[in-house]
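In case you want the letters, here they are:
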Amino acid sequence: QVQLVESGGGSVQPGGSLRLSCTASGSTFSLFNMGWYRQAAGKQRELVAGIGRGDDPDYADSVKGRFTIFRDGTDGTDNTIHLQMNRLNPEDTAVYYCNANPFDRLPGLLWGQGAQVTVSS
């Protein structure tokens, strides 16, 4: 059974940086699409960034130029994704969820446990 395990997150001041990572364990092949969603208090969950295999990444307009998503991995698969978040601002405060779809577009049915990102002074 495939599981998504997240790491990273935390608290940072405005203008700071954080990195999130997510590894899909239990898969013997590379998942088709992986990405990050976030949900702020009182708001709907939204796609932050997604990356396929060999495709250019997609970003929400609000994070373009500040966030970078990339994939790597070991054991012959590239089932680890990272979200490098720079120039963070308070509007980026949310719980960030890793998501994956083994065979199709996002969102898939695989979700990580969530990582809190808090940006405040």
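Please refer to the structure placed before this passage.
Residues numbered from 1 in each chain as written. Predicted model: local features only at pLDDT ≥ 70, side-chain atom pairs only at ≥ 80, totals over all residues. Heavy atoms only, no water.

Let's talk about the nonpolar core
We count it as follows: For this analysis, a nonpolar core means a set of buried residues of the types Ala, Val, Leu, Ile, Met, Phe, Trp, Tyr and Cys, connected via side-chain atoms within 4.5 Å. Under the scheme applied here, a residue whose accessible area is under 20% of the maximum for its type counts as buried, over 50% as exposed, and between as partly exposed, the area being computed with a 1.4 Å probe on protein chains only. Numbering of helices and strands runs from the N terminus; a helix is a DSSP stretch of H or I covering at least four residues, while a strand is a stretch of E covering at least two.
With 28 residues, the main nonpolar core has M34, W36, L83, M85 and Y96 as its most contacted residues. Elements represented by at least two residues in this core include exactly β3 (18-25), β4 (33-39), β5 (46-51), β7 (67-72), β8 (80-85), β9 (94-101) and β11 (115-119).

A look at the pairing of β4
Our working rule: What makes two strands pair is DSSP finding at least two bridges between them.
Across the 7 residues that make up β4, a large majority, 6, are buried. Examined bridge by bridge, β4 and β9 share 7 bridges and lie antiparallel to one another. Opposite M34, over in β9, you have A100 as the bridge partner. One ladder, built from 5 bridges, connects β4 with β5; its direction is antiparallel. Of the residues in β5, the one forming a bridge with W36 is A49.

Focus on the environment of L106
Tracing the chain through its elements places L106 in the loop between β9 and β10 (110-111). Linking L106 and F32, residues 74 residues apart in sequence, is a C-alpha distance of 9.3 Å.

Structural notes on the sheet that holds β8
Rules: Comment: axis = line fitted to C-alpha atoms, over the contacting stretch for helices; angle = value between 0 and 180 degrees taken between N-to-C directions.
As summarised here, the arrangement of the 4 strands in space is β1-β3-β8-β7, forming an open sheet in which the pairing is antiparallel. What marks the edges here is a single partner per strand, and that holds for β1 (3-8) and β7. Across the sheet, the mean angle separating the axes of adjacent strands is 15° when strand polarity is ignored.

Examining the pattern of salt bridges
How we decide: Definition used for salt bridges: Asp or Glu carboxyl oxygen within 4 Å of a side-chain nitrogen of Lys or Arg.
One pass over the full model with this rule turns up 6 salt bridges. We note a salt bridge from R38 to E46, for which the minimum N-O separation is 2.7 Å. The residue D92 makes a salt bridge to R38 at a minimum N-O spacing of 3.0 Å. Taken together, the residues D92 in the loop between β8 and β9 and R38 in strand β4 connect sequence positions 54 residues apart.

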